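Chain residues, written in single-letter form:
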Amino acid sequence: VRLLFSSSMSMAIFCMQPVCTLDYPPLTTQAASLLPPHPRYDPTAPSFPWLEVHPDREISTELVGSLTKWFPIRGIQSKGDGPNSANAIAAGVVNITNLIATMECQFSNYIMFAKQQTGMGPVIEARFNETAQNPVILNTIGLWAPYGNIPSIPQLPPSVKLLAALWPRLKEYAVLSTADPLWAPCTAGAAGNEAEAVACMTGWSENRIPRLLPIFARLRKLAWATFPNVGADGSPFSGSYWNEDDYSNPDFSGSHWGPEIYAKLLRLKDVFDPAGLFYGHHSVGSERWSANGNCRIRQ
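Residues numbered from 1 in each chain as written. Predicted model: local features only at pLDDT ≥ 70, side-chain atom pairs only at ≥ 80, totals over all residues. Heavy atoms only, no water.

1. Side note on the environment of A191
- Mapped onto the elements, A191 comes out in the loop between helix 6 (183-190) and helix 7 (194-226).
- Spatially, the C-alpha atom of A191 lies 9.4 Å from that of K161, the residues being 30 residues apart in sequence. (Helix = DSSP H or I, 4+ residues; strand = E, 2+ residues; numbered from the N terminus.)

2. Things to note about the pattern of salt bridges
- Scanning the model with the defined rule gives eight salt bridges in all.
- Of the charged contacts, one joins E244 and K115 as a salt bridge, the two residues approaching to 3.7 Å between their closest N and O atoms. Highlighted residues: E244 in the loop between helix 7 and helix 8 (252-256) and K115 in the loop between strand 4 (107-112) and helix 4 (122-128), separated in sequence by 129 residues.
- Assessed through its relative accessible area of 30%, E244 is described here as partly exposed.
- On the basis of relative accessible area, K115 is assigned to the partly exposed category, the value being 22%.
- Between D180 and R208 there is a salt bridge; the shortest N-O distance is 2.7 Å. With D180 in the loop between helix 5 (160-173) and helix 6 and R208 in helix 7, this residue pair connects regions lying 28 residues apart in the sequence. (Salt bridge = Lys/Arg side-chain N within 4 Å of Asp/Glu carboxyl O. Buried < 20%, exposed > 50% of the residue type's maximum accessible area, 1.4 Å probe, protein only.)

3. Topic: helix 7
- Taking 1.5 Å per residue as the helical rise, helix 7 with its 33 residues ought to reach 48 Å, and the 46 Å between its terminal C-alpha atoms agrees with that figure.
- For helix 7, the N-terminal cap is N193; the gap from its side-chain oxygen to the backbone nitrogen of A195 is 3.1 Å. (Expected span 1.5 Å × (residues − 1). Polar contact = N/O pair within 3.5 Å; in protein donor to acceptor, adjacent residues only side chain to side chain.)

4. Structural notes on the layout of surface pockets
- For the second largest pocket, the calculated volume is near 400 Å³.
- No other element matches the four residues that helix 9 (residues 259-272) contributes to the lining of the second largest pocket. (1 Å grid on protein atoms, 1.4 Å probe; cavity = no way out; pocket = protein on both sides within 12 Å on 5 of 7 lines; lining within 4 Å. Points joined across faces, edges and corners; volume = space filled by probe spheres on them.)

5. Points about the environment of F227
- The residue F227 is located in the loop between helix 7 and helix 8 in this model.
- Residue classification places F227 among the buried positions, given a relative accessible area of 0%.
- In the structure, F227 is positioned ten residues away from F237 in sequence and 7.1 Å away in space, judged by C-alpha atoms.
- Apart from the residues within four sequence positions on either side, F227 is in contact with K69, W70, F71, P72, I89, V93, W144, F237 and S238. (Contact = heavy atoms within 4.5 Å.)

6. Section: the packing of aromatic side chains
- Scanning the entire structure with this criterion turns up nine aromatic pairs.
- An aromatic cluster of three or more residues is present, and its members are W70, Y241 and W242.
- Taking NZ or CZ as reference, K69 lies 3.6 Å from the ring centre of W224, over its face.
- The ring of W204 has R208 lying over it, and the distance from NZ or CZ to the ring centre is 5.3 Å. (Phe/Tyr/Trp six-rings, centres within 6.5 Å; stacked < 30°, edge-to-face > 60°. Lys NZ or Arg CZ within 6 Å of the ring centre and 35° of its normal.)

7. Side note on the pairing of strand 5 (residues 140-151)
- Across the twelve residues that make up strand 5, a large majority, twelve, are buried.
- As paired strands, strand 2 (residues 61-66) and strand 5 are joined by five bridges and run antiparallel to one another. Following the sheet pairing, G65 is matched in strand 5 by G148.
- Judged from the four bridges that link them, strand 3 (residues 69-72) and strand 5 form a sheet pairing that is antiparallel. (Pairing = 2+ DSSP bridges.)

8. Notes on the state of the cysteines
- In the structure shown here, the tally under the stated rule is one disulfide.
- Each sulfur in the disulfide pair C186 and C200 lies 2.0 Å from the other. Sign of the S-S torsion, about 85 degrees for the bond between C186 and C200, identifies this disulfide as right-handed. Of the two residues, C186 is situated in helix 6 and C200 in helix 7; the sequence distance between them amounts to 14 residues. Per residue, the accessibility class of C186 equals that of C200, and both read buried. (Disulfide = S-S within 2.5 Å.)

9. Section: the packing of helix 5 against helix 7
- Packing of helix 5 against helix 7 brings their axes to within 10 Å, and their N-to-C directions diverge by 55 degrees. What the angle tells us is that helix 5 and helix 7 run oblique. The way helix 5 lies across helix 7 gives a crossing that is left-handed. On the side of helix 5, the interface is formed by V160, L162, L163, L166 and L170, while helix 7 contributes E194, A197, C200, M201 and W204. (Axes fitted to C-alpha atoms, helices over the stretch in contact; angles between N-to-C directions. Parallel < 35°, antiparallel > 145°, perpendicular 65-115°, else oblique. Left-handed = near helix turned anticlockwise from the far one by under 90°.)

The structure is reproduced here in structure tokens:
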């Protein structure tokens, strides 16, 4: 733990917490006495830990880049300096964290320990293995999830009205200081200058995001080198959480389900959808369609 999460790494640790309030009178007194309220909500209202409100930064945003990789416990237990060892993982995570620090926006770098499944008892593990979950999850300490996004509503053209609504959040997540070249036009645009509003928003879409994408491509390469789906010994090592994954995942089936589970799911799809009509990006059977999802690939 000391090796992986030293003070030299700006690694944020994500912990689940009660963030959603509901009005359930029978539970109000008990919940209020047992659970701390979330500061964004009424401090007198109860909070319930099994419900989570999406973070503000993920609402009405444009995704710059996102990926997830399961953090394998056998990797951090491995001694020496070889591939997939604790030292190799630590070096990879440090390199990734340093690269994230160069991003011109707030780029999250979380390990979600709440998603780990290590240490399940034999009964629970047997039930887990009856599901379509990737078996590699049973040997992880959590889910590593770097992602970056900016407040945006790209369906609407740049304007003072739109920027004025987004600017309070842009200042928090994207244009982070007065030293940022976009600070002046964004401030003026949010205050009513139409030309500056356009300059602010196009500055992001046409200049900054194109600079961020190559950095994220390097981050993806480092992530896969540090957390490959298959380890150097040929056994499963990592994977990805399909609900929060990289749109450009190069091995989505192995990442989300593992080869054996995926083969079973593909056989089931062929039974219930023999014509292959239903398609979703990086869903079961999507390798039979073109990358843009518009055309089936001739079998």
